[in-house]
Amino acid sequence: MNPEPLYFVWNYTDVDRRFWYEHLEDFVPSKFIDAHTHLDYPDLRLIEMTEEKKRQYWVNELMEMITPQQAKRCCGIVYPNREVSCVAFGCPSLEYDLEKSEQRLCEEIPSLGWYRLAVVRPQITGEELESILDNPAVIGIKVYYDLIGHDPSSRDKYIEASIFDFLPHHLLEILDRRGKWVTLHVPKAGRLGHPDNIHEIKTIREKYPNIKLVIAHLGRCYCLEHAKKAFPELASDSELFFDNSAVLNPDVHRYALETFGPGRILYGTDNPIFYMRGRRQWSGETYTNRTNYPFYFNKDRESPEVEANYTLYMYEALKAIKQACNELKLNKNDINKLFFDNAEQLIPTTKE
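For clarity, every value in this text was computed on a predicted model and none was experimentally measured.

The rules behind these values
- Residues numbered from 1 in each chain as written.
- Predicted model: local features only at pLDDT ≥ 70, side-chain atom pairs only at ≥ 80, totals over all residues.
- Heavy atoms only, no water.
- Helix = DSSP H or I, 4+ residues; strand = E, 2+ residues; numbered from the N terminus.
- Rg over C-alpha atoms; globule rule 2.2 N^0.38 Å.
- Buried < 20%, exposed > 50% of the residue type's maximum accessible area, 1.4 Å probe, protein only.
- Contact = heavy atoms within 4.5 Å.
- Areas by Shrake-Rupley, 256 points an atom, 1.4 Å probe, with all protein chains shown as cover.
- Lys, Arg positive; Asp, Glu negative; His and termini not counted.
- Charge placed at Lys NZ, Arg CZ, Asp CG, Glu CD.
- Pairing = 2+ DSSP bridges.
- Phe/Tyr/Trp six-rings, centres within 6.5 Å; stacked < 30°, edge-to-face > 60°.

K.L.:
Outline the overall build of the protein chain, listing residues and values.
P.N.:
Per the secondary structure count, the protein chain includes 14 helices and 13 strands. A compact globule built from 352 residues would reach a C-alpha radius of gyration of about 20 Å, and the protein chain, at 19 Å, matches this within 12%. Principal-axis analysis of the C-alpha atoms places the extent of the protein chain at approximately 55 × 45 × 40 Å. In the protein chain, which comprises 352 residues, the proportion classed as buried is 61%. In the protein chain, of all internal contacts separated by at least 6 residues, the share reaching a separation of at least 24 is 77%. Of the roughly 14,600 Å² of accessible surface on the protein chain, 48% is carried by carbon and sulfur atoms. Between the mean site of the 43 positive side-chain charges and the mean site of the 54 negative ones, the protein chain shows a separation of 2 Å.

K.L.:
An account of the sheet that holds strand β13 (residues 311–312) is requested, with residue identities and associated values reported.
P.N.:
The strand order across the open sheet formed by three strands is β12-β11-β13, and the pairing between neighbours is antiparallel. Looking at strand neighbours, the two that pair on one side only are β12 (286–290) and β13, the edges of this open sheet. Judged from the five bridges that link them, strand β11 (residues 277–283) and β12 form a sheet pairing that is antiparallel. Bridge pairing links Q281 to T288 in β12.

K.L.:
An account of the packing of aromatic side chains is requested, with residue identities and associated values reported.
P.N.:
Under the defined criterion, the tally for this structure stands at 26 aromatic pairs. Ring geometry for F32 against Y267: centres 5.8 Å apart, planes inclined by 75 degrees, an arrangement best described as edge-to-face. In this pair, F32 is assigned in strand β3 (residues 31–38) and Y267 in the loop between β10 (265–266) and β11, connecting sequence segments 235 residues apart. Accessibility assignment for this pair places F32 and Y267 in one class, buried. Relative to F339, the ring of Y267 has its centre 4.8 Å away and its plane inclined at 35 degrees; by these criteria the two rings are tilted. With a gap of 72 residues between them, Y267 in the loop between β10 and β11 and F339 in helix α14 (residues 332–346) connect regions that are remote in the sequence. Judged on exposure class, the residue Y267 and its partner F339 are both buried.

Any functional reading would require information beyond the geometric quantities listed.
Structure, rendered in structure tokens:
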């Protein structure tokens, strides 16, 4: 079959079709929820991505947003014969018009049968958050340290911030009272295991127990060494959840499942980023992204023969999850928890 346009510079090819039917067709449930996906509108970008910033960090080269209708089309391609819902949120960047994005997404997301987290700046008032949460399309919020303020030269000016700098207490009080979902992208170069992150997450759980707190990307523990430093510190809190988006390392997936159990982890992709073709390799606390496109970050290329067999990062992530589940001999009920039940229990069935 001819390659099918997917997203940005990526196509869906026979390599992907073969990979799906060889590795994933018998594993991915017929119905599931992607608990971490980004949607937005290219025309709402306020500040263009510079070549300087593209050179700084690999994600900056992939920051081409995908609209809800485009995402729905892509899901139909990459998940054949599956019923897919998404917990979706906009691009967490001040380079986009957040207010217009929120308005459009709240109008469009419900028509897809998907769910909505609002991207919010930490400076908003309690009254403004109440108004956002009054929209029946919104089940919670997504917060990110980059929303503290814009720096034209770097995406990580605020990476060492406190969680409370971008998820302040006056917002937490409202989210707790209303029992809302919060997806938290942790700060710090030290990732989830940084002592401040551990302490502040525990503080949120103690002071605001009604919040449905989901730690994004398994706390950015993409390498096993980071996971080993962090996961045991939060293992005992049975009501603290994690999404496994953007994690390709099967050892990290296995360690997460061993530490937290299958009842606390939500499947996520971090799409559209993970439509990228290639694979990831690990060494200690660092990782290397391989792809077949000449991005700035892709300097150490593999051979054409190896690159020809690259599939989508999201497929590599699913294969890694499958490997971990098989090694731990998880049953279908456990796998359904990962892909559907855990997310469904956090989604309100009726309006407040």
